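Residues per chain are reported as follows:
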Amino acid sequence: MVTKRALHFVFKVGNRSDTVHFFRSILGMKFLRHEEFEEGCKASCNGPYFGKWSKSMVGYGPEDNHFVVELTYNYGIGSYRLGNDFLGITIHSETIVETAKKVGYPVVEEDGFYILASPDGYIFKIVNQPTQGDPVKKVSLSTSNLKKSLDYWTRLCGMQIFSKESHSVTLGYDESQCKLELIDVGENVDHATAFGRIAFSCHGDELPMIEKSMMSENQTILKPLVSLDTPGKASVQVVILADPDGHEICFVGDEAFRELSQLDPKADDLLNEAITADKSNEWFARKGKSKNSG
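Residues numbered from 1 in each chain as written. Predicted model: local features only at pLDDT ≥ 70, side-chain atom pairs only at ≥ 80, totals over all residues. Heavy atoms only, no water.

Going by the annotation in an unreviewed UniProt entry, the name recorded for the chain is Glyoxalase domain-containing protein 4, with Biomphalaria pfeifferi given as the source organism. Recorded in UniProt for the chain, the comment headed Sequence similarities (unreviewed entry) runs: "Belongs to the glyoxalase I family." (UniProt positions renumbered as here; feature names shortened; annotations may be inferred.)

Participant: Which residues make up the overall build of the chain, and what values go with them?
Facilitator: A count of helices and strands for the chain gives 7 helices and 18 strands. Whereas a compact globule of 294 residues would reach a radius of gyration of roughly 19 Å, the chain reaches 19 Å, a difference of no more than 12%. Along the first, second and third principal axes, the C-alpha set of the chain runs to 55 × 45 × 35 Å. For the chain, the proportion of its 294 residues judged to be buried stands at 52%. Taking all contacts inside the chain whose residues are at least 6 apart in sequence as the whole, residues at least 24 apart take part in 67%. Carbon and sulfur atoms make up 50% of the accessible area of the chain, which totals about 13800 Å². For the chain, the distance from the average site of its 32 positive side-chain charges to the average site of its 41 negative ones is 4 Å. (Helix = DSSP H or I, 4+ residues; strand = E, 2+ residues; numbered from the N terminus. Rg over C-alpha atoms; globule rule 2.2 N^0.38 Å. Buried < 20%, exposed > 50% of the residue type's maximum accessible area, 1.4 Å probe, protein only. Contact = heavy atoms within 4.5 Å. Areas by Shrake-Rupley, 256 points an atom, 1.4 Å probe, with all protein chains shown as cover. Lys, Arg positive; Asp, Glu negative; His and termini not counted. Charge placed at Lys NZ, Arg CZ, Asp CG, Glu CD.)

Participant: Go over helix H4 (residues 207–216), please, and point to the residues and values.
Facilitator: For H4, every residue scored as buried is listed here: Leu207, Ile210, Glu211 and Met214. The arc enclosing the buried residues of H4, seen along the axis, measures out at 95°, which places them on a common side. Exposed side chains of H4 directed beyond 90 degrees from the buried face belong to Met209, Lys212 and Ser216. Elements that come into contact with the buried residues of H4 comprise helix H3 (146–156), strand E14 (197–202), strand E15 (220–228), strand E16 (236–242) and strand E17 (248–253). (Arc of directions from axis to C-beta.)

Participant: Lay out the pairing of strand E13 (residues 179–184) in plain terms, naming residues and giving numbers.
Facilitator: With 6 bridges joining them, strand E10 (residues 136–143) and E13 adopt parallel strand pairing. Paired with Ser140 across the bridge in E13 is Glu181. Both strand E12 (residues 168–172) and E13 contribute to a ladder of 4 bridges, which runs antiparallel. The partner of Val169 across the bridge, within E13, is Leu182. (Pairing = 2+ DSSP bridges.)

Participant: Please set out the layout of surface pockets residue by residue, giving values where relevant.
Facilitator: Within this model, the largest pocket holds a volume of roughly 490 Å³. Lining the largest pocket are 26 residues, and of these Cys41, Cys45, Lys55, Leu228 and Thr230 sit closest to its centre. When contributions to the lining of the largest pocket are tallied by element, the ones reaching two or more residues are strand E1 (5–13), strand E2 (30–37), strand E3 (53–59), E14, E16, E17 and helix H5 (254–260). Class assignment of the residues belonging to the lining of the largest pocket gives a composition of 16 nonpolar, 3 polar and 7 charged. (1 Å grid on protein atoms, 1.4 Å probe; cavity = no way out; pocket = protein on both sides within 12 Å on 5 of 7 lines; lining within 4 Å. Points joined across faces, edges and corners; volume = space filled by probe spheres on them. Nonpolar A, V, L, I, M, F, W, Y, C, P; charged D, E, K, R; others polar.)

Participant: Describe the state of the cysteines, and please don't skip the residues or the numbers.
Facilitator: Counted under the stated rule, the structure contains 0 disulfides. Considering cysteine sulfurs only, Cys202 is the nearest to Cys157, which forms no disulfide, with 11 Å between them. Lacking any disulfide linkage, Cys202 is separated from the closest cysteine sulfur, that of Cys250, by 9.3 Å. Taking the relative accessible area as the measure of exposure, Cys202 reaches 0% and is therefore buried. (Disulfide = S-S within 2.5 Å.)

Spelled out as structure tokens, the structure:
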């Protein structure tokens, strides 16, 4: 029985309003949850920043059975430098390309995909065909050593191989879930400042075992097992790891996460209110400054 499932990928965004428009109106996703925080996350969900930030979950359906995107927005940061670590999210859709072209949003055809970049530069690869199940099919990350990465993700993280080519491999926990594609880029992986994080769930009692096995293998543990609290919602336990190329990985207890991740019908309203109330650009402009680069 499969006990792990792919949950979401975390992006840091500097232009929240344009990013929200891209996910809503171009990709056609729905906002599922939105939360505002006055100080940084204990598990660095918003990166190495300690001030006010927000988290918005967006996808094509509930997190119980869809792979979604987590947008983290730090109020004082206007942009982040992209590295070569994130190589794209693949989506199957018959409508995205038509919608983008109709409103003049840039679309590039490349290697059988239609490529769209979010306002912050994150790549989405669109396959212009109908889909079964979740339209989000694959997250592609770079590796400097495919053999080493493959050992980590299969032997230590328990993933199975779904396809393999000379310079790439596609992995996952179940055929019905979003897959992880590792692509050998032939150079060191640069995470720059825009580095993201991929999240998976597992049974809560598996978390100490994951942590212990990674310690025994001298693998990187970025954040030992910790409980994260969201006011008015369930507390979840997580352990944060890094693979051989430094890609951040979050394993979270499934039982509490399912309670935490329930669809919030007020998500759109909460997000719209936060964007309207966000005067950070005006504050920096009055000071004759621009937001910092992360």
